[in-house]
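Structural overview for review
These are the residues of each chain, in order.
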Amino acid sequence: MSDRDDREAAQGAQGDVRDLLPGYALHALDDLERRSVERLLESDADARRALDEYREVVAAFAVDTEPPAELRASVLDRVRNTPQLSATSAPSASSGTTASSGMTAPSSSAVAAPPAGGPTTGVGGDVVDLTARRRTRRWGVALTAVAAAAAIAVPTTIAVQVTAERDRLQEQSEIVSEMLVDPDASILRGAVAGGGQASVLVADDDMFFRADDLPEPAPGRAYQLWVVAEDGSVSSAGVLSVRDGETASLVQGVEGIGMAVTVEPEAGSEQPTTDPVVVLGA
Amino acid sequence: MASPPARTSSRDSVDALLTACAGGDPASFTPVYDALAPVAYGASIGVLRDPDHAAEVTQEVMVEVWQTAARFDAARGSARTWVATLARRRAVDRVRSEQARRDRDQRDTDLRNGESARDVVVEDVERSLDGSAVRRCIEGLTPTQREAVVVAYYGGLTYREVAEQLGAALPTVKSRIRDGLIRLRDCLGVARNV
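This text gives an overview of the structure that appears in the document. (Residues numbered from 1 in each chain as written. Chains lettered and ligands numbered in written order. Predicted model: local features only at pLDDT ≥ 70, side-chain atom pairs only at ≥ 80, totals over all residues. Heavy atoms only, no water.)

1. Structural notes on the nonpolar core
One finds Leu18, Phe29, Leu36, Met62 and Val65 of chain B to be the most contacted residues of the largest nonpolar core, which totals 86 residues. The leading source of residues in this core is helix H2 (residues 30-48) of chain B, at eleven residues. Non-local contacts of Phe29 of chain B, meaning those with residues more than four positions away in its chain, are made with Val75, Leu76 and Val79 of chain A together with Cys21, Met62, Val65 and Trp66 of chain B. One finds Tyr223, Val254, Met259 and Val263 of chain A within the second-largest nonpolar core, a separate group that totals 22 residues. (Core = buried A, V, L, I, M, F, W, Y, C linked by side-chain atoms within 4.5 Å. Buried < 20%, exposed > 50% of the residue type's maximum accessible area, 1.4 Å probe, protein only. Helix = DSSP H or I, 4+ residues; strand = E, 2+ residues; numbered from the N terminus. Contact = heavy atoms within 4.5 Å.)

2. Comments concerning a negative patch on the surface
Residue and element names in this part refer to chain A. On the surface, Asp184, Asp204, Asp205, Glu230, Asp231 and Glu255 cluster together to form a negatively charged patch. Along the chain, Asp204 falls in the loop between strand S3 (197-203) and strand S4 (206-212). Judged by its relative accessible area of 62%, Asp204 falls in the exposed class. (Patch = residues over 30% accessible without salt bridge, like charges linked within 9 Å, V, L, I, M, F, W, Y side chains within 5 Å. Areas by Shrake-Rupley, 256 points an atom, 1.4 Å probe, with all protein chains shown as cover. Salt bridge = Lys/Arg side-chain N within 4 Å of Asp/Glu carboxyl O. Lys, Arg positive; Asp, Glu negative; His and termini not counted. Charge placed at Lys NZ, Arg CZ, Asp CG, Glu CD.)

3. Things to note about the packing of helix H4 (residues 31-43) of chain A against helix H5 (residues 45-59) of chain A
Residue and element names in this part refer to chain A. Interhelical geometry of H4 versus H5 gives an angle of 115 degrees and a closest axis separation of 6 Å. Residue-level inspection shows Leu40, Leu41, Glu42 and Ser43 of H4 in contact with H5, the latter providing Ala45, Ala47, Arg48 and Leu51. Partitioning the contact of H4 with H5 into residue classes produces five nonpolar, one polar and two charged. (Axes fitted to C-alpha atoms, helices over the stretch in contact; angles between N-to-C directions. Nonpolar A, V, L, I, M, F, W, Y, C, P; charged D, E, K, R; others polar.)

4. As for the sheet that holds strand S6 (residues 234-239) of chain A
All names here are of chain A. Strand order in the open sheet formed by four strands is S6-S5-S8-S9, with antiparallel pairing between adjacent strands. Lying at the two open borders of the sheet, with one neighbouring strand each, are S6 and strand S9 (278-281). Direction aside, neighbouring strands of the sheet carry axes that sit 30 degrees apart on average. By the bridge criterion, eight bridges tie strand S5 (residues 221-228) to strand S8 (residues 258-265) in an arrangement that is antiparallel. Across the sheet, Ala222 pairs through a bridge with Glu264, a residue of S8. (Pairing = 2+ DSSP bridges.)

5. Re the pattern of salt bridges
Counting across every chain of the model gives 21 salt bridges over all chains. In this structure, the salt-bridge partner of Arg178 of chain B is Asp179 of chain B, at a minimum N-O distance of 3.1 Å. Of the residues examined, Arg178 of chain B reaches a relative accessible area of 21% and is grouped as partly exposed. Note on Asp179 of chain B: relative accessible area 29%, which makes it partly exposed. Among the charged side chains, a salt-bridge network with shared partners connects Asp46, Arg49 and Glu53 of chain A together with Arg185 and Asp186 of chain B.

6. Side note on unusual backbone geometry
With phi around 60 degrees, Asp213 of chain A is a residue other than glycine that occupies positive phi space. Within the secondary structure layout, Asp213 of chain A lies in the loop between S4 and S5. Note on Asp213 of chain A: relative accessible area 54%, which makes it exposed. Not every positive phi belongs to a glycine, and Arg49 of chain B is a case in point at roughly 60 degrees. On the secondary structure map, Arg49 of chain B appears in the loop between H2 and helix H3 (51-67).

Here's what the structure looks like:
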């Protein structure tokens, strides 16, 4: 294997070496690969800039954690007795990039929200009587598809996570099954402004929201789900995690008469800051 | 705004502290230690998962930060990123040398260590991610990208080892990690527009 990489590197396909930059930032390369990246970095400012970005991504994994208190005196003591080195021979030194743009928050005003359909879009979606078996089946199929997507076989310990996820989905699916047989349950449906369809199954204090064919939100933005109360107030039900345009969320123990979705900064907002792309209300 | 760590607001001042301690009095390093030791320790323990090892690596890294402060270039990234990079590199090197030692010893010992100590313990990973700036963004990766990135990051593995652990082809793993980091980059908003 290393022979083949050796040859690849030797052939000097720069694109290939460039593809190793994420691995370089992750410290995930073998010596040979690392050397070929370092050669690229010496001559290529774009590669250095890309590396700086990847390093910032990798650094974002680290969670600041207070080290043991006794470490402080020990390090400061060593520092007093350790001479500093000069700036020279820094590996892949200065590049002309400016760091200031690195941490700039995405400017929300510049991000295109889905076409505004007006606040009334989707209000009063169809109310479907659950005695219609067709609907019941559709929900069942949707849940099975979600469970199947989570159950893709993954080797090693990642499987633990998948199992946990599957258990969670199974539990969720049991709750939704119970909701489905509740004679008072109803399903509200509506189109999403900007594309896609949404529906919510309401039974007692539980709501199961589903949507599909959703367009990818603009970078730095996310769909956020809201529970609408009888007096018109809304409370957050979290940012929706969308995969292949599909999303589902079970919200339990809420007294709401409907749900709404807005496009918000990806970390979510405390209150909606944009007009809803869909409102599903009784 | 929300995605970079809360520390971001003080980024410039931390960068300035680090820059100032280059060629300075050792006393000028004290505020640098206080500002940056937590990221060194956090990055170390993410990979090592052992507080004693992480403390040792943090000590080495913070002394290195002092020694090489003149090489810090704020134009290429924040002090936090620089220290996180140094810490993770040392932590991964330690994981690898520990693993090499264990592999040597293994022949003489029982099979208790049969499961690789470098297998990523997912519960730990999930816990480790809480509070990190990537927590939200990692959801935006495909399952295969996420798995490859997480295994590479927390396992301290090389591409080749990631490929072995996941039973995937090496080029596949390379592109998954690349695409995964690109998505994270875009989500975190770290792309530098030139």
